[in-house]
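Architecture at a glance
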Amino acid sequence: MDKSIIVCGVCAACLGGVALFLSKTAPADKADSSSASQSSKAEKEPDESVVILSREASDIISVEVKNENGEFTVEKPASGKTNWVIEDLVSVSQDYTAEQSMVNNLGGFEAKKTAEENASDMGKYGLDEPKVTVLVTYSDGETKTLSIGDEAPDTRYVYARVDDESTVYMLYQRKLSYYTGKVTDYVNLTLIDKPSDDAWPAYGELRVARKDLDYEMAFENSTDDTMGGISGQVMTEPIFSYLNITNSTDTTHGMWGLTAASCEVLEPTEEQLSEYGIADPYCEVTLKGDGYDYDLKIGNAVYEKDSDGNDTDMVSSYFCYITGVSGRNCIYNISAASLPWASIKAEDVTSSLMTSNYIYDLNSVDIKTTEQDLSFEVQSSGSTFEMTDKNDTPEVEKVTVDGKELDVENFKAFYLYLMGCPTDEICFEEPAGESVLTITMNKKSGGEDIMEFYKDSSRRYIVKLNGVPSFRIPSGWYDVCISNIEAVLSDKEIEDTY
């Protein structure tokens, strides 16, 4: 479990305890005063509610809504089906829970109170030309029309009446949210359902292409499951790199469960796909694997507004379109916070480790400089891939170079420095000249990891990892590394900063 979650939980528990203590030790007169205030408020606001649609929701077979955004009808499920349906949305996945809630809301529907009985002027309530009408049809053929007019002076309420009755009621605005919006409010906004914990599909390949980057990013499953704190996926383009599990999860797995804020356009035309930036997307994310092939196109940005209603430089959301999932023929508006692919760079998600080798999984660490060619032989009690009990940790028993035995703890500190070679600046440039430092890690399991260092400028070196230009590092790290080589040979203290 994430330590930060644990810490937050402890803090919350402590705060909860303090609140409980304070409530239990509050002066009696203050507690009584609060109670009296609530009692007085209840006395001042007597219950004047009145049921205006008395029949149960189970009797309803359809609800027809007309408002300034258009009209739509929610209909009783066909025989053998459990979900209500909106015919205008049959080509897309619908939010069946919202549709059911919309119908349930009308069962035993109450007004807050009566505004006027025997009203002769419906115009003063906005009910001569209602803003919203809700036609409810019941299973026996009976119908009721709920008409919604103007907002009351107390803006929590609006005026309403039933059918052509002369009584005007006041309704809570919040009870009408189902009937004042667009039909697209009932579109299922989850682009790709998130699997249950025991049903995640095998990870395939996720690729990110973006107009503001001169490279693409690609992520696949790692074949190395021995390193803690590293993601189960690796970056394979533009460089090979292990991933920081904290920073990379949203990128590697964020497509599953991705949810939009709204459906902007239903069944868009080619012209609309172009208008919203989908035809030529700013960013394209593909996720392909066994049984799935998703393609998310991220189009035009939506910017936050300033106090004058003008666009700022801050992106709040993007218009998006996805293929590979049935029932998603919509242009969605998705929060920028849910779209890491629109802003991340490769170095934002890479691990701080260039390689993932435990010291006891190595046969040797070979180091070649312009002046030396050394092989540090490592003898350990075991290795990660040989362990049967994962709670056991192998021990480094001996380290030798040219037959000389070195201080094991000092060599561990030296190896830790090598593993800390910075990875915060990626580089694809082929370096010039010859390597001035080569570090080869020979694995007990077979194979090797090779780090080659090339002079780039007075303050930078380029590192090729396994023959591929991958990182640019500060010269300070290189200089300290050279001095640490001499220190480990003479059993002197290893520097850990540069």
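How each quantity is defined
Residues numbered from 1 in each chain as written. Predicted model: local features only at pLDDT ≥ 70, side-chain atom pairs only at ≥ 80, totals over all residues. Heavy atoms only, no water. Helix = DSSP H or I, 4+ residues; strand = E, 2+ residues; numbered from the N terminus. Buried < 20%, exposed > 50% of the residue type's maximum accessible area, 1.4 Å probe, protein only. Pairing = 2+ DSSP bridges. Axes fitted to C-alpha atoms, helices over the stretch in contact; angles between N-to-C directions. 1 Å grid on protein atoms, 1.4 Å probe; cavity = no way out; pocket = protein on both sides within 12 Å on 5 of 7 lines; lining within 4 Å. Points joined across faces, edges and corners; volume = space filled by probe spheres on them. Nonpolar A, V, L, I, M, F, W, Y, C, P; charged D, E, K, R; others polar. Salt bridge = Lys/Arg side-chain N within 4 Å of Asp/Glu carboxyl O. Patch = residues over 30% accessible without salt bridge, like charges linked within 9 Å, V, L, I, M, F, W, Y side chains within 5 Å. Areas by Shrake-Rupley, 256 points an atom, 1.4 Å probe, with all protein chains shown as cover. Lys, Arg positive; Asp, Glu negative; His and termini not counted. Charge placed at Lys NZ, Arg CZ, Asp CG, Glu CD. Phe/Tyr/Trp six-rings, centres within 6.5 Å; stacked < 30°, edge-to-face > 60°. Lys NZ or Arg CZ within 6 Å of the ring centre and 35° of its normal. Parallel < 35°, antiparallel > 145°, perpendicular 65-115°, else oblique. Left-handed = near helix turned anticlockwise from the far one by under 90°. Contact = heavy atoms within 4.5 Å. Core = buried A, V, L, I, M, F, W, Y, C linked by side-chain atoms within 4.5 Å. Expected span 1.5 Å × (residues − 1). Polar contact = N/O pair within 3.5 Å; in protein donor to acceptor, adjacent residues only side chain to side chain.

Take unusual backbone geometry next. With an omega of 5 degrees, the peptide bond between E237 and P238 qualifies as cis. Checked against the element boundaries, P238 lands in the loop between β13 (230-237) and β14 (241-244). Despite not being glycine, N118 shows a phi value in the positive range, around 55 degrees. On the secondary structure map, N118 appears in the loop between β6 (113-116) and β7 (132-138). Using a relative accessible area of 62% as the deciding quantity, one classes N118 as exposed.

Moving on, we get to the sheet that holds strand β8 (residues 143-151). Here we have eight strands laid out as an open sheet, ordered β4-β3-β2-β7-β8-β9-β10-β6, and antiparallel in their pairing. The open sheet has two edge strands with one neighbour each: β4 (85-86) and β6. In terms of strand pairing, β7 meets β8 through six bridges, oriented antiparallel. The residue of β8 that forms the bridge with V134 is L146.

On to the sheet that holds strand β25 (residues 448-457), then. Read from one edge of the open sheet, eight strands run β23-β22-β21-β20-β24-β25-β26-β27, paired in antiparallel fashion. With partners counted over all chains shown, the strands left at the sheet margins are β23 (404-406) and β27 (468-474), one partner each. Taking the axes of each pair of neighbouring strands and ignoring which way they run, one obtains an average angle of 25 degrees across the sheet. By the bridge criterion, five bridges tie strand β21 (residues 373-380) to strand β22 (residues 396-401) in an arrangement that is antiparallel. By the bridge assignment, E377 is partnered in β22 with T400.

Looking at the largest pocket, its volume works out to about 400 Å³. Lining of the largest pocket is provided by 21 residues; of these, T249, D250, T251, H253 and G254 occupy positions nearest its centre. When residues in the lining of the largest pocket are grouped by element, the largest group, six residues, is from helix α5 (residues 245-253). Taken together, the residues that form the lining of the largest pocket break down as nine nonpolar, eight polar and four charged.

This model, assessed by the stated rule, comprises 23 salt bridges. Residue R55 pairs with D59 through a salt bridge whose shortest N-O separation is 3.7 Å. As a salt-bridge pair, R207 and E237 come within 2.8 Å of each other at their nearest N and O atoms. Of the two residues, R207 is situated in strand β11 (residues 205-210) and E237 in strand β13; the sequence distance between them amounts to 30 residues.

A few words on a negative patch on the surface. Judged by side-chain charge, E71, E75, E87 and D88 come together as a negatively charged surface patch. Counting through the fold element by element, E71 comes out in strand β3 (residues 70-75).

Under the defined criterion, the tally for this structure stands at 19 aromatic pairs. One aromatic cluster is present, built from ring pairs that chain together W200, Y203, W256, Y292 and Y294. Stacked on the ring of Y172, the Lys or Arg R174 has its end atom at 4.3 Å from the ring centre. Residue placement shows K175 over the ring face of F109; its charged tip is 4.4 Å from the ring centre.

Turning our eyes to something else, we now look at the packing of helix α8 (residues 408-419) against helix α9 (residues 475-489). Describing two packed helices takes the angle between their axes plus the distance from one axis to the other. Viewed as axis vectors pointing N to C, α8 and α9 meet at an angle of 160 degrees, and their least axial separation amounts to 11 Å. Here α8 lies roughly antiparallel to α9, going by the angle between them. In this structure, α8 crosses over α9, and the sense of that crossing is left-handed. Between α8 and α9, the contacting residues are N410, F411, F414, Y417 and L418 on the first element and G476, W477, V480, C481, N484, I485, A487 and V488 on the second. Class assignment for the residues of the contact of α8 with α9 results in 10 nonpolar, three polar and no charged.

Across soluble globular proteins, you tend to see nonpolar side chains buried next to one another. One finds L171, L296, L339, W341, F376, F411 and F453 to be the most contacted residues of the largest nonpolar core, which totals 112 residues. For this core, the element with the most residues is α9, which contributes eight residues. With near-sequence residues (within four places) excluded, L339 lies in contact with L258, L296, I298, Y318, C320 and I334. Core analysis: the next-biggest nonpolar cluster, separate from the first, contains nine residues, Y125, L127, Y159 and V168 among them.

Attention now moves to the pairing of strand β2 (residues 60-67). Both β2 and β7 contribute to a ladder of six bridges, which runs antiparallel. Paired with S62 across the bridge in β7 is T137. Both β2 and β3 contribute to a ladder of six bridges, which runs antiparallel. Of the residues in β3, the one forming a bridge with V65 is F72. The turn joining β2 and β3, which pair antiparallel and follow one another in sequence, is formed by two residues.

Moving on: α9. The end-to-end C-alpha distance of α9, which contains 15 residues, comes to 22 Å, matching closely the 21 Å that a straight helix rising 1.5 Å per residue would cover. If you check which residues of α9 are buried, you get S475, W477, Y478, V480, C481, N484, I485, A487, V488 and L489.

Within the fold, N188 resides in the loop between α4 (177-180) and β11. Relative accessible area serves as the criterion here: at 17%, N188 is assigned to the buried category. In the structure, N188 is positioned 71 residues away from T259 in sequence and 8.9 Å away in space, judged by C-alpha atoms. For N188, the side chain forms a polar contact with the main-chain nitrogen of T190, separated by 3.1 Å.

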